[in-house]
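Residues per chain are reported as follows:
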Amino acid sequence: MREGPLGMFDSGFGGLTVARAVIDLLPEEDIVYLGDTGRYPYGPRPLDEVARFAHQIAEELVERRGVKLLVVACNTAAAAALDSLRDRFEVPVIGVIEPGVTAMVRATVTGRVGVIGTVGTINSGAYQRAVEAESDDVDLVALACPGFVEFVERGEFDTEQVHVLAQRLLAPAREAKIDSLLLGCTHYPYLARTLIDVMGRDVVLVSSADETAFEVRRVLGELDLARPRAAALEGRPGVTTFITTGDVNWFEELGRRLLGPELDRAEQHSW
Ligand code: DGL
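Okay, so let's go over this structure.

Calculation rules
Residues numbered from 1 in each chain as written. Predicted model: local features only at pLDDT ≥ 70, side-chain atom pairs only at ≥ 80, totals over all residues. Heavy atoms only, no water. Pairing = 2+ DSSP bridges. Helix = DSSP H or I, 4+ residues; strand = E, 2+ residues; numbered from the N terminus. Contact = heavy atoms within 4.5 Å. Axes fitted to C-alpha atoms, helices over the stretch in contact; angles between N-to-C directions. Near = heavy atom within 4 Å. Polar contact = N/O pair within 3.5 Å; in protein donor to acceptor, adjacent residues only side chain to side chain. Areas by Shrake-Rupley, 256 points an atom, 1.4 Å probe, with all protein chains shown as cover. 1 Å grid on protein atoms, 1.4 Å probe; cavity = no way out; pocket = protein on both sides within 12 Å on 5 of 7 lines; lining within 4 Å. Sits in = over half its atoms within 2 Å of the grid points. Salt bridge = Lys/Arg side-chain N within 4 Å of Asp/Glu carboxyl O. Buried < 20%, exposed > 50% of the residue type's maximum accessible area, 1.4 Å probe, protein only. Points joined across faces, edges and corners; volume = space filled by probe spheres on them. Nonpolar A, V, L, I, M, F, W, Y, C, P; charged D, E, K, R; others polar.

A look at the sheet that holds strand 2 (residues 31-35)
Whenever strands of a sheet pair, they do so through backbone hydrogen bonds, lying parallel or antiparallel.
Then, number 1: Taken in spatial order, the six strands line up as 4-3-1-2-9-10 in an open sheet, and their pairing is parallel. At either end of the open sheet lies a strand with only one pairing partner, and these are strand 4 (93-94) and strand 10 (266-268).
Then, number 2: When strand 1 (residues 6-10) meets strand 2, the two strands line up parallel, connected through five bridges. Within the sheet, the bridge partner assigned to Gly 7 lies in strand 2 and is Val 32.
Then, number 3: In the packing of helix 2 (residues 47-64) onto the sheet, contacts are made with strand 1, strand 2 and strand 3 (69-72), and the angle to strand 1 comes to roughly 155°.

What follows is the structure, encoded as structure tokens:
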């Protein structure tokens, strides 16, 4: 079991922010990453449909690819299906919502915080509940940002159009004078430059990627599932396999720009 890969999925490129953090923290681990680019975006879809997709992907990763742990590297899928995935599969299942909230509560000084995410995530109330469970000392502004994911999937991160949309969608967060903004969608770290321009340099952008990677390391350690580091790095460092349900050439081209050289090729998967 220790030699098995970690499984990770997202609607597309967003989960690569989490994959990058896990590769950097745990370079000895093998990873299988599935980007469901053929069916993105998840954000505007009904949550029960997103849950169905999440279970189908988890089945592929757990039952056919033999992953030893599953990371739901997509907030919308985590909001829709984290509990039901945990009920159904025997491997540990880690989401991105609680790790992000922990990091944000740690980052805020004034207690005025914001979270941005897809329509599905924000309307599910998952962040509102997670923040309430973590601390009674914070005032949360939760904003849906339809359109951001589509820009990222097209490889547009700081064009005039992204800027105009961000100005409009983030206006309530600026009015609330928040000091920390949690990126409650794994695609959003790629828009960081635009978000900082709009929010101002004093606002801390919090991404769940690093905190999720630390949680993966903690769970692997606790369950004695970690691949032994020294032997692995001397013999064979971890390998990441990338799978897309959409256009392979685009996944490889944009994915390499976003994640780095580890993404040299991707496999195609159809449902
Ligand atoms: N990265 C997904 C998330 O974290 C984006 C969902 C979408 O495809 O709209 O929510």
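Focus: the site of the ligand
Then, number 1: Around the ligand lies a shell of 13 residues, among which Ser 11, Tyr 42, Gly 43, Thr 76 and His 187 are the nearest.
Then, number 2: A distance of 2.7 Å separates a nitrogen atom of the ligand from a polar side-chain atom of His 187.
Then, number 3: Protein contacts shield 99% of the accessible area of the ligand, which totals 300 Å² for the unbound molecule.
Then, number 4: A molecule is said to occupy a pocket when more than half its atoms come within 2 Å of that pocket's grid points, and by this definition the ligand occupies the largest cavity.

Considerations on the pattern of salt bridges
Then, number 1: By the definition in use, this model includes 18 salt bridges.
Then, number 2: Among the ionic pairs, Arg 20 bridges to Glu 262, the shortest N-O distance being 2.8 Å. Placement of Arg 20 in helix 1 (residues 16-25) and of Glu 262 in the loop between helix 12 (248-259) and strand 10 is noted, with a sequence separation of 242 residues between them.
Then, number 3: With a closest N to O distance of 2.6 Å, Glu 222 and Arg 218 form a salt bridge. Taken together, the residues Glu 222 and Arg 218, both in helix 10 (residues 209-222) and four residues apart, mark about one turn of the helix.
Then, number 4: Overall, the relative accessible area of 57% leaves Glu 222 in the exposed class.
Then, number 5: Classification of Arg 218 as partly exposed rests on a relative accessible area of 41%.
Then, number 6: One network of salt bridges, with partners in common, ties together Glu 60, Arg 64, Arg 65 and Glu 267.

Some points on the layout of surface pockets
Then, number 1: Reported here for the largest pocket is a volume of approximately 200 Å³.
Then, number 2: Ala 78, Leu 82, Asp 83, Glu 98 and Ala 126 are the residues nearest the centre of the largest pocket, which is lined by 13 residues in total.
Then, number 3: Contributions of two or more residues to the lining of the largest pocket are made by helix 3 (75-88), helix 4 (97-107) and helix 6 (126-134).
Then, number 4: With six residues, the top contributor of residues to the lining of the largest pocket is helix 3.
Then, number 5: Along the lines of polarity and charge, the residues of the lining of the largest pocket split into nine nonpolar, one polar and three charged.
Then, number 6: Approximately 170 Å³ is the volume attributed to the second largest pocket.

Quick notes on empty space enclosed by the protein
Then, number 1: Scanning the model with the defined rule gives two cavities of 30 Å³ or more in all.
Then, number 2: Here the largest cavity defines a volume of roughly 50 Å³.
Then, number 3: Forming the boundary of the largest cavity are Asp 10, Ser 11, Pro 41, Tyr 42, Gly 43, Cys 74, Thr 76, Thr 118, Val 149, Cys 185 and His 187.
Then, number 4: Split by residue class, the lining of the largest cavity holds five nonpolar, five polar and one charged.
Then, number 5: Counted as a void, the second largest cavity has a volume near 30 Å³.
Then, number 6: Thr 17, Val 18, Leu 183, Cys 185, Thr 186, Pro 189, Ser 207, Ser 208 and Ala 209 together form the lining of the second largest cavity.
Then, number 7: A per-class count over the lining of the second largest cavity returns five nonpolar, four polar and no charged.

Geometric values such as these leave the question of function open.
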